[in-house]
Amino acid sequence: MMQKKVINVAIVGLGFGAEFIPIYQKHPNANMYAICQRNPEKLNEIGDHFSIEKRFDNYDELLKDPEIDAVHINTPIPNHAEQSIKALRAGKHVACTVPMATTVEECRQIVEAVEETGLTYMMMETVVYAREFLFMKDLYEKGELGKVQFLKASHQQDMEGWPSYWPGLPPMHYATHCVGPVLALTRDEAEYVSCFGSGTIDESLHHYYNSPFAVESAHVRFRSSDLTAHVYRSLFDTARQYRESFEVYGSKKAVEWPLIEGEPLVVHTAKKPEPEIPERVECPDFAHLLPPEIQAFTTGGVYDEDSNQHLSFTQGAGHGGSHPHLVHEFVSALVEGREPFPNAVQSANMTCVGILAHESALQNGQVLKMPDFTLSKKE
């Protein structure tokens, strides 16, 4: 069936989700049709602020509206899988903030729902559209990195004071910010993972998930190449400024993330005199890849004043200007009738790396193989 040129979008969850409202409002192929929030006061406050007429305080009621083409889910992590599956079964395309789900089985159910309905699913992983990733991707596609030899990524954050489901969360259960970029650069998938836990969080946090680890550090073997990647995560009781880092080492060039947020990237070029190998490089913005109407959203928050930005945005260094790129990829995929990146299978692979990495850590580094979600595809 031909997709509509203008996609009617409903945003579900208006904390972090409100960041995306004006981007959809200005995207030439999107109509910011409806919003959904359980708290009627917050719902009306946001609706009035952005002049959005269609408002729902019940998700199931929203899914009954035949005018909605797609939902963008920004609710708490425990709700992602159930709400994604409900939307697909209700005939809606789905964009969902990370992670895709909290279990391997939930990931499989989403993939199967996409296959059975023919609808589109995209996990809205910010890092694979951040300007730093796009810079490294540009070098890779131009051949300037040479042969990619190794990748590394980290996501370290202090989650004290976050919503009720966060305390004690195993670090790798929310790993897509570091798993996503290492797999996305060469568009490969993980084949298996081995992970170790290190250190101990405060004992009062152990009972939430039966997880004691302060840090989880994993090695990921790629399915279709000779590459491996190292990813590590911490959430509690580990001193570190917020960091979503991504590094790539090639035969010709390597790019390393700064140790302190806001400093330049470091590009290493092979075969130069030793003192000249490293060079600090200010990462360019990639707004030129976007429609003019939404290019401005790569360089600042989009909801309310600077003093009232969502915590994930201020701690996350603005998510690297990724929000308009995510919107554009999702909307463009629907308009053009193609798969977005990451699609359901790719999103499941990224998410399951973290889920199985934690299982590996509980088994003292046991190598665990990734599910092959493509096997469930019907002939």
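In this report, the structure presented in the accompanying data block is examined. These figures come from a predicted structure and were not determined experimentally. (Residues numbered from 1 in each chain as written. Predicted model: local features only at pLDDT ≥ 70, side-chain atom pairs only at ≥ 80, totals over all residues. Heavy atoms only, no water.)

The subject of this paragraph is the sheet that holds strand β11 (residues 243–250). Strands belonging to one sheet form pairs held by backbone hydrogen bonds; the direction of such a pair is parallel or antiparallel. The nine strands lie next to each other as β14-β13-β12-β11-β7-β10-β9-β8-β15, forming an open sheet whose pairing is mixed. Two strands close off the open sheet at either side, each with one partner strand: β14 (278–281) and β15 (368–369). Summarising the sheet, strand β9 (residues 215–222) and strand β10 (residues 228–234) pair through seven bridges and their orientation is antiparallel. When the bridges of β10 are listed, Glu216 appears paired with Arg233. Packing against the sheet, helix α6 (residues 131–141) makes contact with β7 (148–156), β11, β12 (253–256), β13 (265–269) and β14, and its axis sits at approximately 15° to β13. Against the sheet, helix α11 (residues 344–362) touches β8 (190–198), β9 and β15, its axis set at about 45° to β8. (Pairing = 2+ DSSP bridges. Helix = DSSP H or I, 4+ residues; strand = E, 2+ residues; numbered from the N terminus. Contact = heavy atoms within 4.5 Å. Axes fitted to C-alpha atoms, helices over the stretch in contact; angles between N-to-C directions.)

Moving on, we come to the packing of aromatic side chains. Taken as a whole, this structure holds six aromatic pairs when the rule is applied. On the basis of an interplanar angle of 35° and a centroid distance of 6.3 Å, the ring pair of Phe150 and Tyr249 is categorised as tilted. In this pair, Phe150 sits in strand β7 while Tyr249 sits in strand β11, placing the two residues 99 residues apart along the sequence. Through a chain of ring-to-ring contacts, the aromatic side chains of Trp162, Tyr165, Trp166 and Tyr174 assemble into a single cluster. Lying over the aromatic face of Phe341, Arg187 brings its terminal NZ or CZ to 3.6 Å of the ring centre. (Phe/Tyr/Trp six-rings, centres within 6.5 Å; stacked < 30°, edge-to-face > 60°. Lys NZ or Arg CZ within 6 Å of the ring centre and 35° of its normal.)

The next thing to look at is α11. The terminal C-alpha atoms of α11 lie 27 Å apart, and with 19 residues this matches the ideal 27 Å at 1.5 Å per residue to within 8%. Counting buried residues in α11 gives 16 out of 19 residues, a clear majority hidden from the surface. Among the residues of α11, the N-terminal cap falls to Asn343, whose side-chain oxygen and the backbone nitrogen of Val345 are separated by 3.2 Å. In the segment just after α11, Asn364 is the residue with positive phi, at about 60°. (Expected span 1.5 Å × (residues − 1). Buried < 20%, exposed > 50% of the residue type's maximum accessible area, 1.4 Å probe, protein only. Polar contact = N/O pair within 3.5 Å; in protein donor to acceptor, adjacent residues only side chain to side chain.)

Relative to β9, β8 runs antiparallel, the two sharing eight bridges. Residue pairing in the sheet places Val193 in a bridge with Val220 of β9.

Moving on, we come to the nonpolar core. If you look at the biggest cluster of nonpolar residues, it comprises 121 residues, and the most contacted ones within it are Ile21, Tyr24, Val71 and Leu151. Looking at this core element by element, the count peaks at nine residues for α11. If near-sequence neighbours (up to four positions away) are discounted, Ile21 is found in contact with Ile11, Leu14, Met32, Ile35, Ile46, Phe50 and Ile52. (Core = buried A, V, L, I, M, F, W, Y, C linked by side-chain atoms within 4.5 Å.)

The next thing to look at is a negative patch on the surface. A contiguous patch of negative charge on the surface is contributed by Asp158, Glu160, Asp202, Glu203 and Asp237. Looking at the secondary structure, you find Asp237 in the loop between β10 and β11. Overall, Asp237 belongs to the exposed group, its relative accessible area being 54%. (Patch = residues over 30% accessible without salt bridge, like charges linked within 9 Å, V, L, I, M, F, W, Y side chains within 5 Å. Areas by Shrake-Rupley, 256 points an atom, 1.4 Å probe, with all protein chains shown as cover. Salt bridge = Lys/Arg side-chain N within 4 Å of Asp/Glu carboxyl O. Lys, Arg positive; Asp, Glu negative; His and termini not counted. Charge placed at Lys NZ, Arg CZ, Asp CG, Glu CD.)

This paragraph deals with the pattern of salt bridges. Counted by the stated rule, this structure contains 17 salt bridges. The salt bridge partner of Asp65 is Lys54, with a shortest N-O separation of 3.6 Å. Residue Asp65 is located in the loop between α3 (59–63) and β4 (70–73), and its partner Lys54 is located in strand β3 (residues 54–56); the two are separated by eleven residues in the primary sequence. Glu329 serves as the salt-bridge partner of Arg338, at 3.0 Å between the closest nitrogen and oxygen. Given the relative accessible area of 30%, Arg338 is considered partly exposed. Within the structure, one salt-bridge network assembled from shared partners comprises Asp60, Glu82 and Lys86.

Here Thr269 lies in strand β13. Once you skip the residues sitting within four places of it in the chain, Thr269 turns out to touch Lys252, Lys253 and Ile277.

Turning our attention to the packing of helix α4 (residues 80–89) against helix α5 (residues 104–117). Two elements in contact, α4 and α5, have axes whose closest approach is 10 Å; the angle formed by their N-to-C orientations is 10°. When the interaxial angle is binned, α4 and α5 end up roughly parallel. Residues Ala81, Ser84, Ile85, Leu88 and Arg89 of α4 form the contact with α5, whose own contacting residues are Glu106, Gln109, Ile110, Ala113, Val114, Glu116 and Thr117. Among the residues making up the contact of α4 with α5, the classes are represented as six nonpolar, three polar and three charged. (Parallel < 35°, antiparallel > 145°, perpendicular 65-115°, else oblique. Nonpolar A, V, L, I, M, F, W, Y, C, P; charged D, E, K, R; others polar.)

Relative to the assigned elements, Glu67 resides in the loop between α3 and β4. The exposure class of Glu67 is partly exposed, given its relative accessible area of 40%. C-alpha of Glu67 to C-alpha of Glu53: the two residues are 14 residues apart in sequence and 13 Å apart in space.

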